[in-house]
Amino acid sequence: MHVNDIKKKFIENFNVNPSLFRSPGRVNLIGEHTDYNDGFVLPAAIDKEIVVAISKSGSSKCKVFSVDMNESIEFTTEEIQPSSKSWANYFLGVIAQINKKGRKIEGFNCVFGGNIPLGAGLSSSAALECVFAYAFNDLFKLQFEKEEMVKMAQKAEHEYAGVKCGIMDQFASMFGKSDHVFRLDCRSLEYVYFPLKLTDYEIVLCNTKVAHSLASSEYNTRRQECETGVEILTKHYDIQSLRDVANGQLESLKKEFDPIVYKRCSYVVNEIARVIDSCEKLQSNDLIGFGQDMYQTHEGLSKNYEVSCAELDFLVDKAKESGNVIGSRMMGGGFGGCTINLVKKSEQDNFINSVSESYRKRFSIDMEAYVVNIQDGTSRI
Ligand code: GLA
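To start, this report covers the structure provided alongside it. Only a predicted model underlies this, so the values are computations on that prediction, with no experimental measurement involved.

Here the focus is helix H11 (residues 348–363). Its 16 residues place the ends of H11 22 Å apart at the C-alpha level, agreeing with the 22 Å of an ideal helix rising 1.5 Å per residue. Buried residues along H11 sit in contact with strand E9 (201–207), helix H10 (310–322), strand E10 (325–330), strand E11 (338–344) and strand E12 (368–371). Phi for Ser 364, located one or two positions after H11, is positive at around 55°.

Right, here's the structure in full:
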């Protein structure tokens, strides 16, 4: 869906010129399920986005039309509550956060749509929350800083979508920078941009087309398992989260751990260390080493954290076998969605064709592939 289509649809419906805003989806090169453990992540915003056309309605009435769902919702600013239309909960959740901060929005009319595939682990929900937070902030002069908007978007997801997500997706959508990845410290929220120099390689996403239905419940369970681990560790060590834990400390307490909780914690502790290590590799242009770290992350996510699925494992195995992919792993929450692959540019078509064919044979599903470009975060158009 192009910006002009959204604008046209808005003018057809409301007869005035709207303000336009956009917010992108994201990839994450490495650092998975580390954000809610105070660890590090390495995301970037991508050239798939949600576009919002919006103007004040002049009363407390609000009308929002979702082009992709072909559905609309009407409400007033005085009655903000969760809706049975799940797509609406992302911006209703943002309005609820604004109200909690004691600031007020006025009634508005809106049309929105985008091209971030839904349920593919590319953070369409974070993009939706961020674009609305940014649009409301601009339109109603709320004077929130970007970081505050990110936190409100995350809270909207917790309270109106029921997923206890970390801060990575919303941060990436808002703070992305074209041609850069950034290492985010999810404890201090300090971040450093790195130019992404992939030379002969590029980022290709392979979408399993498996909707990650288990994702929200299992996601919250993983978070809980990490917290259980931290409770045991704090009895013996001066730590606040898995970020503070060394492998040796974890091993020393293995006997006290339920084996499942142990596996989860072991993955997280190793992954947090791996992100720091792999960022150094990226800076010294050791792409091969970086890619090997990605494969290791997948191994951990699949065997210890158990958030992969047969389809994702298959795609990573095929990538490895192809000889033209230096790094591959499942990306995001898991249980479906996409793998992220560093593919040799000259072999891109061959890789996509051959892996699509094997995937179709094995699962009778037509995989989708996206070659990704890195874009700027949330903005006014
Ligand atoms: C989802 C969550 C993020 C993060 C990833 C896993 O995308 O929204 O906060 O935890 O899963 O790394």
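There is more to say, and it comes next.
All right, on to the packing of aromatic side chains then. Taken as a whole and assessed by the stated rule, the structure comprises 25 aromatic pairs. When the ring of Tyr 36 is compared with that of Tyr 219, the centres are 5.3 Å apart and the planes differ by 65°; the resulting orientation is edge-to-face. Of this pair, Tyr 36 sits in the loop between strand E1 (19–28) and strand E2 (40–41) while Tyr 219 sits in helix H6 (residues 215–236), and the two are 183 residues apart along the sequence. Relative to Phe 91, the ring of Trp 87 lies with its centre 6.1 Å away and its plane at 50°, an arrangement referred to as tilted. You can see Trp 87 and its partner Phe 91 sitting in helix H2 (residues 86–100), four residues apart, about one turn around the helix. No difference in accessibility class separates Trp 87 from Phe 91, as the two residues are buried. In this structure an aromatic cluster arises from ring pairing among Phe 75, Trp 87, Phe 91, Phe 108, Phe 112, Phe 132, Phe 136 and Phe 140.

What counts and how
Residues numbered from 1 in each chain as written. Predicted model: local features only at pLDDT ≥ 70, side-chain atom pairs only at ≥ 80, totals over all residues. Heavy atoms only, no water. Helix = DSSP H or I, 4+ residues; strand = E, 2+ residues; numbered from the N terminus. Expected span 1.5 Å × (residues − 1). Contact = heavy atoms within 4.5 Å. Phe/Tyr/Trp six-rings, centres within 6.5 Å; stacked < 30°, edge-to-face > 60°. Buried < 20%, exposed > 50% of the residue type's maximum accessible area, 1.4 Å probe, protein only.

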